[in-house]
Amino acid sequence: MPRTIFMNDSLVPEHEAKVSVFDHGLLYGDGVFEGLRSYSGKVFRLEAHIDRLYDSARAICLAIPLSKQAMAKAVNDTLAANQLADGYVRLVVTRGAGGLGLDPNKTSHPQVIVIADTISLYPREFYEQGLRIVTAATQRTHSAALSPRIKSLNYLNNIMAKLEGLQAGCVEALMLNHKGEVAECTGDNVFVVRSGRLLTPPPDAGILEGITRNAVMELAGAAGIDCREQTLVRHDLYTADECFLTGTAAEVIPVVEIDGRKIGLGVPGPITQRLKDDFHALVRR
Ligand code: PMP
């Protein structure tokens, strides 16, 4: 079914939603984006996603030509126009059309695009049986080169690692930072359980501070599970009792094997299961 897209200031049919071949989002990946999800007609943590989008834009000196309020309305209007109560929303802001040079000052009119669609990232059996993942040789971008906290249209670093995962028959891949510490997966944050304690790498490991990650940390707190941000290396993952990933699209998904090592008993663990259930309850509340 053709979609209705929000483009700059109005809803238009999919075939009318177009950007220029001179758009620096296309030419250089110069722009920012967000992925959001709606459950039963309500967008999960809409404000947090919009704040992160505007923070990403601010970090690259991109002035979004819409207020946060108007952006939130655009998200809800696009979902409604596509009659999606349970949907996935992609928010994109490009630098706009400019010359064939890098200079962002020679562009005009950032393009604001809101796409609403359905998403099912992984088959149900992965949620029940858990994922096998591998560590990618591709390092997570050094935060002094480009902060992973910016959700920019430059996702080649993640795509390179994703390719390695896919070539190894895995749908996700673990990425390490330049120090060899665990950062995150290509599109998800990573958690482990060790001796009943939940651990996840801190933001300065070079990660995107996931909104699902933050929600899961809150849920752990509410469930009386001790949760800490801690530097982790692969050994900590290999020897963990449980491991799982979090992301807007993936939600909470267990990991049962990393680089050929079984994690814990090789099946999703009880704390993972609890947090997965609590997350599902939270998004539907
Ligand atoms: N890390 C990366 C690199 C991502 O692209 C994403 C998905 N946006 C995440 C983590 C998870 O973030 P969130 O929970 O906000 O979707």
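Preceding this paragraph is the structure being described.
Everything numeric in this text was worked out from a predicted model, so none of it was measured. (Residues numbered from 1 in each chain as written. Predicted model: local features only at pLDDT ≥ 70, side-chain atom pairs only at ≥ 80, totals over all residues. Heavy atoms only, no water.)

Visitor: Looking at this structure, I do not really get the site of the ligand. What am I missing?
Guide: Lining the immediate surroundings of the ligand are 17 residues, of which Lys151, Tyr155, Glu184, Thr212 and Thr248 lie closest. One nitrogen or oxygen atom from the side chain of Arg52 is found 2.9 Å from an oxygen atom belonging to the ligand. Within the contact set of the ligand, an oxygen atom lies 2.6 Å away from a side-chain nitrogen or oxygen of Tyr155. For the ligand, whose accessible area on its own is 390 Å², the fraction buried by protein is 95%. (Near = heavy atom within 4 Å. Polar contact = N/O pair within 3.5 Å; in protein donor to acceptor, adjacent residues only side chain to side chain. Areas by Shrake-Rupley, 256 points an atom, 1.4 Å probe, with all protein chains shown as cover.)

Visitor: Which parts of the structure should I look at to understand the layout of surface pockets?
Guide: Take a probe with the size of a water molecule and roll it over the atoms, and the empty space left behind shows itself. Of the volumes computed, that of the largest pocket is approximately 660 Å³. Taken together, 31 residues make up the lining of the largest pocket; nearest its centre are Phe33, Lys151, Tyr155, Thr186 and Gly187. Put simply, the parts of the chain that give the lining of the largest pocket at least two residues each are β3 (31-39), β5 (87-94), α5 (156-167), β9 (182-185), α6 (211-222) and β13 (242-247). Here the element with the most residues in the lining of the largest pocket is α5; it accounts for 3 residues. The residue inventory of the lining of the largest pocket, partitioned by class, reads 13 nonpolar, 10 polar and 8 charged. Size it by volume and the second largest pocket reaches roughly 270 Å³. (1 Å grid on protein atoms, 1.4 Å probe; cavity = no way out; pocket = protein on both sides within 12 Å on 5 of 7 lines; lining within 4 Å. Points joined across faces, edges and corners; volume = space filled by probe spheres on them. Helix = DSSP H or I, 4+ residues; strand = E, 2+ residues; numbered from the N terminus. Nonpolar A, V, L, I, M, F, W, Y, C, P; charged D, E, K, R; others polar.)

Visitor: What is the right way to look at the nonpolar core in this model?
Guide: Counting residues in each nonpolar core, the largest one holds 26 residues, and the members touching the most others are Val32, Leu53, Ile64, Met71, Val75 and Val93. Of all the secondary structure elements, the ones that give two or more residues to this core are β3, α2 (46-59), α3 (68-81), β5 and β6 (111-117). With near-sequence residues (within four places) excluded, Val93 lies in contact with Gly31, Val32, Leu53, Leu62, Ile64, Met71, Pro110, Gln111, Val112 and Leu153. Core analysis: the second largest hydrophobic core is formed by 22 residues, Ile133, Leu174, Leu232 and Ile263 among them. (Core = buried A, V, L, I, M, F, W, Y, C linked by side-chain atoms within 4.5 Å. Buried < 20%, exposed > 50% of the residue type's maximum accessible area, 1.4 Å probe, protein only. Contact = heavy atoms within 4.5 Å.)

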